[in-house]
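# Fold and contact review
Next come the chains, spelled out residue by residue.
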Amino acid sequence: MSLTVGFKDVSKRFGPVQVLHGVSFELAPGRVIGVLGENGAGKSTLMKILAGYEAASEGVVELDGQAVRFKGPREAETAGVVMIHQEFNLADDLSIAQNIFLGHERKRFGLLDDERMAAEAGAALRQVGLDCSPTRRVGDLIVAEKQLVEIARALSRRARVLVMDEPTATLTPSETERLFALIAQLKAAGSTILYISHKLDEVERITDEVVVLRDGRLVARRPTGSVTRQQMASLMVGRELADLFPPRHAVAADAPVLLDVEGLAVPGWCHDASFQVRAGEILGFAGLVGAGRTELFEGLLGLRPSSAKSARVAGQAWTRRNPRSAARLGLTYLSEDRKTRGLHLRMGLAQNLTLMALERYARPLLEPRREQAALAAATTAFGIRTQDADVPASALSGGNQQKLALARVLQPDPKVVVLDEPTRGVDVGAKRDIYFLIQRLASEGRAVIVVSSELLELIGLCHRVLVMRQGRLVAELPQDQLSEELLIAHATGTH
Ligand SMILES: Nc1ncnc2c1ncn2[C@@H]1O[C@H](COP(=O)(O)OP(=O)(O)OP(=O)(O)O)[C@@H](O)[C@H]1O
Ligand SMILES: [Mg+2]
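Residues numbered from 1 in each chain as written. Chains lettered and ligands numbered in written order. Predicted model: local features only at pLDDT ≥ 70, side-chain atom pairs only at ≥ 80, totals over all residues. Heavy atoms only, no water.

### Overview of the overall build of the protein chain
Counting its regular elements, the protein chain contains 17 helices and 22 strands. Taken against the 2.2 N^0.38 rule, which gives 23 Å for 495 residues, the C-alpha radius of gyration of the protein chain at 23 Å falls within 12% of a compact globule. Considering only C-alpha atoms, the protein chain reaches an extent of 70 × 50 × 50 Å along its principal axes. Put simply, 68% of the contacts in the protein chain that link residues at least 6 apart link residues at least 24 apart. Positive and negative charge centroids in the protein chain, built from 61 and 59 side chains respectively, lie 3 Å apart. (Helix = DSSP H or I, 4+ residues; strand = E, 2+ residues; numbered from the N terminus. Rg over C-alpha atoms; globule rule 2.2 N^0.38 Å. Contact = heavy atoms within 4.5 Å. Lys, Arg positive; Asp, Glu negative; His and termini not counted. Charge placed at Lys NZ, Arg CZ, Asp CG, Glu CD.)

### Looking at the sheet that holds strand β6 (residues 81–84)
One open sheet holds the six strands; their spatial order is β6-β9-β10-β3-β11-β12, and the pairing between them is mixed. The sheet terminates laterally at β6 and β12 (217–223), the two strands that pair on one side only. Taking each pair of neighbouring strands and ignoring which way they run, the sheet shows an average axis angle of 20 degrees. Sheet topology note: the strand β11 (residues 209–214)/β12 ladder contains six bridges and is antiparallel. Across the sheet, V210 pairs through a bridge with R222, a residue of β12. Where helix α6 (residues 173–188) meets the sheet, it contacts β3 (32–37), β9 (161–165) and β10 (192–196), and its direction lies at approximately 145 degrees from that of β10. Each of β3, β11 and β12 is contacted by helix α8 (residues 229–237), which is oriented at about 30 degrees to β11, the strand it contacts most. (Pairing = 2+ DSSP bridges. Axes fitted to C-alpha atoms, helices over the stretch in contact; angles between N-to-C directions.)

### Notes on the packing of aromatic side chains
Tallied over the full model, the rule gives six aromatic pairs. Every member of this aromatic cluster is reached through a ring pair, and the members are F275, F285 and F297. We note K12 situated over the ring of F14; from NZ or CZ to the ring centre the distance is 5.1 Å. (Phe/Tyr/Trp six-rings, centres within 6.5 Å; stacked < 30°, edge-to-face > 60°. Lys NZ or Arg CZ within 6 Å of the ring centre and 35° of its normal.)

### Some details on the domain arrangement of the protein chain
Domain annotation for the protein chain reports domain 1 (5–237) and domain 2 (257–492). Look at where the C-alpha atoms of domain 1 and domain 2 centre, and you get two points 29 Å apart. On the side of domain 2, 24 residues touch domain 1, which itself brings 24 residues to the contact. For the pair domain 1 and domain 2, the summed buried surface comes to about 1,900 Å²; carbon and sulfur atoms form 54% of the total. The interface formed by domain 1 and domain 2 holds two salt bridges in total. A salt bridge links D215 to R385, with the shortest nitrogen-to-oxygen separation between them at 3.5 Å. Counting across the interface, domain 1 meets domain 2 through three residue pairs in polar contact (both at pLDDT 80 or more). (Domains from an automatic or database assignment. Buried area = accessible area lost by both parts, 1.4 Å probe. Salt bridge = Lys/Arg side-chain N within 4 Å of Asp/Glu carboxyl O. Polar contact = N/O pair within 3.5 Å; in protein donor to acceptor, adjacent residues only side chain to side chain.)

### Focus: the site of ligand 1
Around ligand 1 lies a shell of 17 residues, among which K43, T45, A395, S397 and G399 are the nearest. One nitrogen or oxygen atom from the main chain of G40 is found 2.8 Å from an oxygen atom belonging to ligand 1. Here an oxygen atom of ligand 1 and a side-chain polar atom of K43 are 2.7 Å apart. Taken by itself ligand 1 offers 650 Å² of open surface, and the protein chains cover 85% of this. Contributions of two or more residues to the shell around ligand 1 are made by α1 (43–50) and α14 (398–409). Counting residues per element, the shell around ligand 1 draws most heavily on α1, which supplies three residues. Each residue belonging to the shell around ligand 1 can be placed in one class, and the counts come to five nonpolar, ten polar and two charged. Each of domain 1 (5–237) and domain 2 (257–492) accounts for three or more of the residues forming the shell around ligand 1. (Near = heavy atom within 4 Å. Areas by Shrake-Rupley, 256 points an atom, 1.4 Å probe, with all protein chains shown as cover. Nonpolar A, V, L, I, M, F, W, Y, C, P; charged D, E, K, R; others polar.)

### Focus: the nonpolar core
Membership of the largest hydrophobic core comes to 46 residues, with the highest contact counts inside it found for I282, F382, L404, L419, I438, V448 and L487. The biggest single contributor to this core is helix α15 (residues 428–443), with seven residues. When neighbours within four sequence positions are excluded, L419 is seen to be in contact with L334, L406, V409, I438, V448, I449, V450 and V451. Counting 35 residues, the second largest nonpolar core, distinct from the first, contains M117, L179, L182 and Y195. (Core = buried A, V, L, I, M, F, W, Y, C linked by side-chain atoms within 4.5 Å. Buried < 20%, exposed > 50% of the residue type's maximum accessible area, 1.4 Å probe, protein only.)

### Looking at unusual backbone geometry
Backbone geometry at D64 places phi at a positive 50 degrees, although glycine is not the residue there. Judged by relative accessible area, D64 falls into the partly exposed class, the value being 43%. In this model, E421 sits at a positive phi of 50 degrees, which is unusual for a non-glycine residue. Along the polypeptide, E421 turns up in the loop between β19 (416–420) and α15.

### Description of the side chain of E421
Among the residues examined, E421 registers a relative accessible area of 8% and is labelled buried. Sequence-distant contacts of E421, that is, excluding residues within four places in its chain, are made with R293, E336, Q402, V451, S452 and S453.

### A look at helix α5 (residues 143–156)
Counted at 1.5 Å a residue, the expected span for α5 with its 14 residues is 20 Å, and the 20 Å between its end C-alpha atoms agrees. With 14 of 14 residues buried, α5 lies mostly within the body of the structure. (Expected span 1.5 Å × (residues − 1).)

### Looking at the pattern of salt bridges
Counted by the stated rule, this structure contains 27 salt bridges. Residues R137 and D93 are paired through a salt bridge, measuring 3.1 Å at the closest nitrogen-oxygen approach. Highlighted residues: R137 in the loop between α4 (114–128) and α5 and D93 in the loop between β6 and α3 (96–101), separated in sequence by 44 residues. Look at R137 and you get partly exposed, because its relative accessible area is 32%. Using a relative accessible area of 63% as the deciding quantity, one classes D93 as exposed. Connected through shared salt-bridge partners, D413, R440, E444 and R446 make up one network.

### Brief notes about the state of the cysteines
Following the criterion strictly, the structure yields zero disulfides and no others. Of all cysteine sulfurs in the structure, the one in C462 sits closest to C270, which takes part in no disulfide; the separation is 19 Å. Accessibility expressed as a relative area gives 1% for C270, which makes it buried. (Disulfide = S-S within 2.5 Å.)

Take a look at the structure:
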């Protein structure tokens, strides 16, 4: 049942751009392998070649010593190779069960066996701990739920080789634990798990060995126990990394309040939230996934039904709340769901970047030269890595898409910046860049709100953190009281 996986001199070119250079390694079955590398290093591309989503330009993938050339993911899945995607690969208009069985429908006497599929889908959902009906439309799920459906889909394929591309980016700690238990079961059953993650603590915990890619080349392979996290990070970036967080500046007690929200209610998600943030301040929002943080800000921005007693941006009343009026008043917002709300994936990088400014000023004429100049400035400032500026946003690696989304919301030079999970899927080096950037935005006099599930990020970065639980703001912690224990206690209600 088990399979040996081999990469033999695998190279990949997209047009003139070569993103993988002769990668070779072999994996014995029944192990968990961490696949590490900076954003754009080629991790997803290499795994997509294994799972039949992309074809190698040169070289081959071997299973049990036999060269395989899958014509598509369905063929790979039939051979037992399944991939869980970083950017979800689900059909929004179909139900959960339909998504799980897409291309592998269960049939009985030549007809679709709906009953069996509903039962199997239900079982798979229970395995991943998603408490919801298999008949629900995937488009109605939140990001974390979609991630669990992706995992359930992979499990129902009975994978012998399972690729997980950043599977825990949106999961709660308990969902993550459940996933780790599933991984342990699959491993015990002889499956090979390839685990791509920028969360090095997870890599340290669950993998047996790590392979490291840098600029499309295999640069290291080590038993996990023989390297520290710091060494993993250095292998990825090819140099020693300095402090992750910038030093914090003080916020003047009389700094003007730039965002003042009173009595915000988002039906079903958030009750009576009031908060202020001052010029120069970095305010964190902590809480478990599903606590309502994202929904609070979606409500504030008018992306969901909401009401507020009052909302002011830089002293000005913000009455008809929508993203456009927000931008006009000087508030910009980076959504956590960059795939549907953050970027226009089919459009070019430069167009994506100037769109925000465009929405704000509604300038009728586009100037390609200025657009290109803005892109050049942003790729440097944000370290967006692409060998070709003339590609659609969808061709960027996951982490580089995140950096582009961030660059995009900062184009109109805002007063208040709301960032929902700004470093999701971003490599350690780029994380550090983003932290320093956030610090700079604040020290220049902007107010910055950071919504994050990474406690260490909030602790390292913020002047003050609000904790949300079940739709309510339940605690406010100043910088000198920030600790993981306390944040978790408030977030889970065990305080
Ligand atoms: N369809 C495509 N067309 C052109 N270039 C592409 C395409 N897909 C990927 N690339 C490029 O290939 C390189 C590797 O991308 P890949 O997605 O494999 O990186 P990654 O290691 O998964 O990064 P991340 O950690 O950000 O997810 C990047 O430079 C990316 O822009
Ligand atoms: Mg990737």
